[in-house]
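Architecture and fold: a report
The primary structure of each chain is shown beneath.
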Amino acid sequence: MFLGLDSSTQSLTAVLIDPTSGVICCQISVNFGGDLPQYQSPSGFLPGGIAGEVHANPLMWLDALDLLFTRLAEQTDLSKVKVIAGSGQQHGSIYLDETFEDRLAALDASDTLVNQLFPALTRATAPIWMDTSTAVECAEISAALGGAGEVCRRSGSTAVERFTGPQIRRFFKKDPNAYERTARIHLVSSFIASVIAGKSVPIDFGDGAGMNLLNLATQNWDADLLAATAPELGERLLPPALATTMQGLISPYFVEKFGLSAGCRCALFTGDNPASLVGMGATTPGNVVISLGTSDTFFAAMPGPKTDPNGYGHVFGNPAGGYMSLICFRNGSLAREALRDKLGLDWSAFDREALSTTVKFAGENLMLPFFGPEITPRHDFAAPVLKGSPSFESGSDPALQVRALLEGQFLNMRLHSEWMEVKTERIRLTGGASKNEGIAQLVADVFQAPVERLDVSNSAALGAALIAAAADGHDLPALQQVFCQASPGAALLPNTLLAGIYQTALGCFKTLLDSNC
Ligand code: XUL
């Protein structure tokens, strides 16, 4: 059996798979807010951060690890686990002193992880991906490299507030003494992986690319980016590696305490988005995952390290080799819900009536679907922009606005993923709104690609379990065939009669966008 763990913002989840029988044997979670109320982080982070700071307590992640393994040991025979891999929320960073390695090597199963590891922290809390406090540091790093474009060309993203490099720089500036005492910096993923392996293990290419420090072309830390971020930073990081690289045996702590086999080995942990790419069965170019959530995200495998010339999209390592894009759209379900509420519709009307009765108007009315500031494209919109027939613009036919909003969201996605130069052959749709038949069909039509939906609930943890099996020599595409199947009957084919209409609409949408940004 192979174990995948995902340490996300709100929970730590385990998925255990048996590749021989093709079965997911066990899926369980520890919820940080509910199970560990002593950390006063109901949503997984410490509320009340100032000036854009969003931090979490890394000890909470350690307690969650002890609790998760306690629960796993009650439910399954952990001695059958051959390899463990995992994933973590991206960008979050943990700062550790020189005692960390010795502490990991000497973990005592009769005590807790927290008791033994907390003295090694040089920073009590860990900034996570929701943190926006580093605008100044982003500007400083960009200036040192000669501009935002150069940071993007090297690292796959412009300097971004939540990315780890700017976060490290802020820590170095605010508390240089604590930075000086820091011997090792880990991401959430490599921190948990190191605890499990009983020694510091590398950051992988997938998560490492979310730091503004990894050079995509050389797949190593970029000397200029390191220097622009903080002094002697390279010494505090291990050389990055592919997620499927085996790291040795599991720490005896887990063998003695939870009954894992002494022969159980550890692969690396990656970011939750790269792991989801694996768990959604989308690691080969041509496959795209669209996740419809509070924000919408678009991620897709890419053969080479291309970067977004506009600097909106991010490029990370693909755990299966090569690269992947990640593009976030802030106005996701927030915008869908805002329009639904404005028009006084319920969800069934939003889907059935609005979309089915308006097919003949496909691509005719345009909406820039932004109810507030957007990040792709980066612009402070105050309200959506409408251009079309009088009944559309006046709102007298609400169904037209529903169609134009959704078309606008997916045209915007199509437009802002063109830089990848990868033809979309298949879309795997996930997230709350993906269940909506009308919306799923519209995605197929706008992208002119078949849309599938999967039954996978914990795609990152499943992806991590598949990485563990791949690290042991199992064929990843074959595993994905078994574990990442589309729900039967759920594939939707595009209406090819709409191909030309949406091609034209894409050009008009771009013109409207350009004149409003
Ligand atoms: C990606 C990002 C988020 C976190 C969430 O850039 O910030 O998706 O990985 O866990």
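Data block above holds the structure.
Keep in mind that what you see is a predicted model, and the values were worked out from it rather than measured.

Thresholds, definitions, all that
- Residues numbered from 1 in each chain as written.
- Predicted model: local features only at pLDDT ≥ 70, side-chain atom pairs only at ≥ 80, totals over all residues.
- Heavy atoms only, no water.
- Buried < 20%, exposed > 50% of the residue type's maximum accessible area, 1.4 Å probe, protein only.
- Helix = DSSP H or I, 4+ residues; strand = E, 2+ residues; numbered from the N terminus.
- Pairing = 2+ DSSP bridges.
- Axes fitted to C-alpha atoms, helices over the stretch in contact; angles between N-to-C directions.
- Contact = heavy atoms within 4.5 Å.
- Parallel < 35°, antiparallel > 145°, perpendicular 65-115°, else oblique.
- Left-handed = near helix turned anticlockwise from the far one by under 90°.
- Near = heavy atom within 4 Å.
- Polar contact = N/O pair within 3.5 Å; in protein donor to acceptor, adjacent residues only side chain to side chain.
- Nonpolar A, V, L, I, M, F, W, Y, C, P; charged D, E, K, R; others polar.
- Expected span 1.5 Å × (residues − 1).
- Salt bridge = Lys/Arg side-chain N within 4 Å of Asp/Glu carboxyl O.

With that out of the way, let us pick up the pairing of strand β11 (residues 265–271). Taking burial as the measure, the 7 residues of β11 include 6 buried ones, the bulk of the element. Across 5 bridges, strand β5 (residues 83–88) lies against β11 in parallel orientation. Pairing of Ser87 across the sheet is with Thr270, part of β11.

Read across the open sheet, the 6 strands follow the order β14-β15-β13-β12-β20-β21; overall the sheet is mixed. If you trace the sheet from one side to the other, it starts and ends with β14 (314–317) and β21 (451–453), each paired once. Strand-to-strand twist across the sheet, computed as the mean angle between neighbouring axes with direction ignored, equals 25 degrees. Here strand β12 (residues 287–292) pairs with strand β13 (residues 296–302) via 5 bridges, running antiparallel. From the neighbouring strand, Leu292 faces β13, where its bridge partner is Asp296. The strands that helix α17 (residues 398–415) touches are β12, β13 and β15 (323–329); relative to β13, the one it contacts most, it runs at about 30 degrees.

Turning our attention to the packing of α17 against helix α18 (residues 437–447). Axis angle and axis distance: for two packed helices, these are the angle between their axes and the distance between the axes, and together they describe the pair. In contact at an axis separation of 10 Å, α17 and α18 are set at 45 degrees when each is read in the N-to-C sense. When the axis of α17 is compared with that of α18, the two are oblique. Here the hand of the crossing between α17 and α18 comes out right-handed. When α17 is examined against α18, the residues Arg403, Leu406, Glu407, Phe410, Leu411, Met413 and Arg414 are found in contact with a partner set consisting of Ile439, Leu442, Val443, Val446 and Phe447.

Before going further, it helps to spend a moment on the site of the ligand. The immediate surroundings of the ligand are formed by Gln89, Gln90, His91, Trp129, Arg162, Asp272, Asn273 and Leu326. With respect to the ligand, the side chain of Arg162 contributes an N or O atom lying 2.8 Å from an oxygen atom. Asp272 is positioned such that a nitrogen or oxygen atom in its side chain is 2.4 Å from an oxygen atom of the ligand. Its residues assigned to classes, the shell around the ligand shows 2 nonpolar, 4 polar and 2 charged.

In this section: the packing of helix α14 (residues 333–343) against α17. At their nearest, the axes of α14 and α17 sit 11 Å apart, and the two run at 175 degrees to each other. Looking at the two axes, α14 sits roughly antiparallel to α17. Contacts between α14 and α17 involve Ala335, Arg336, Leu339, Lys342 and Leu343 on the former and, on the latter, Pro398, Gln401, Val402, Leu405, Leu406 and Gln409. Taken together, the residues of the contact of α14 with α17 break down into 7 nonpolar, 2 polar and 2 charged.

In this section: helix α21 (residues 499–514). Between its terminal C-alpha atoms α21 stretches 23 Å, which fits the 22 Å expected from 16 residues at 1.5 Å a residue. In this fold, the buried residues of α21 make contact with β16 (366–368), β19 (385–387), α17 and α18.

Turning next to the side chain of Gln89. With respect to the helices, strands and loops of the structure, Gln89 is situated in the loop between β5 and β6 (93–96). Look at Gln89 and you get buried, because its relative accessible area is 0%. A distance of 3.4 Å separates polar atoms of two side chains, one belonging to Gln89 and the other to Trp129. Excluding anything up to four places from it in sequence, Gln89 contacts Ser7, Ser8, Thr9, Trp61, Ile128, Trp129, Val188, Asp207 and Asp272.

Turning next to the pattern of salt bridges. Under the definition given, this model contains 21 salt bridges. Among the ionic pairs, Glu53 bridges to Lys174, the shortest N-O distance being 3.4 Å. Taken together, the residues span a long stretch of sequence, with Glu53 in the loop between α1 (32–35) and β4 (55–56) and Lys174 in helix α7 (residues 164–174) at a distance of 121 residues. Among the residues examined, Lys174 registers a relative accessible area of 55% and is labelled exposed. Across the salt bridge formed by Asp296 and Arg336, the nearest N and O atoms sit 2.8 Å from each other. One end of the pair, Asp296, is in strand β13; the other, Arg336, is in helix α14, with 40 residues separating them in the sequence.

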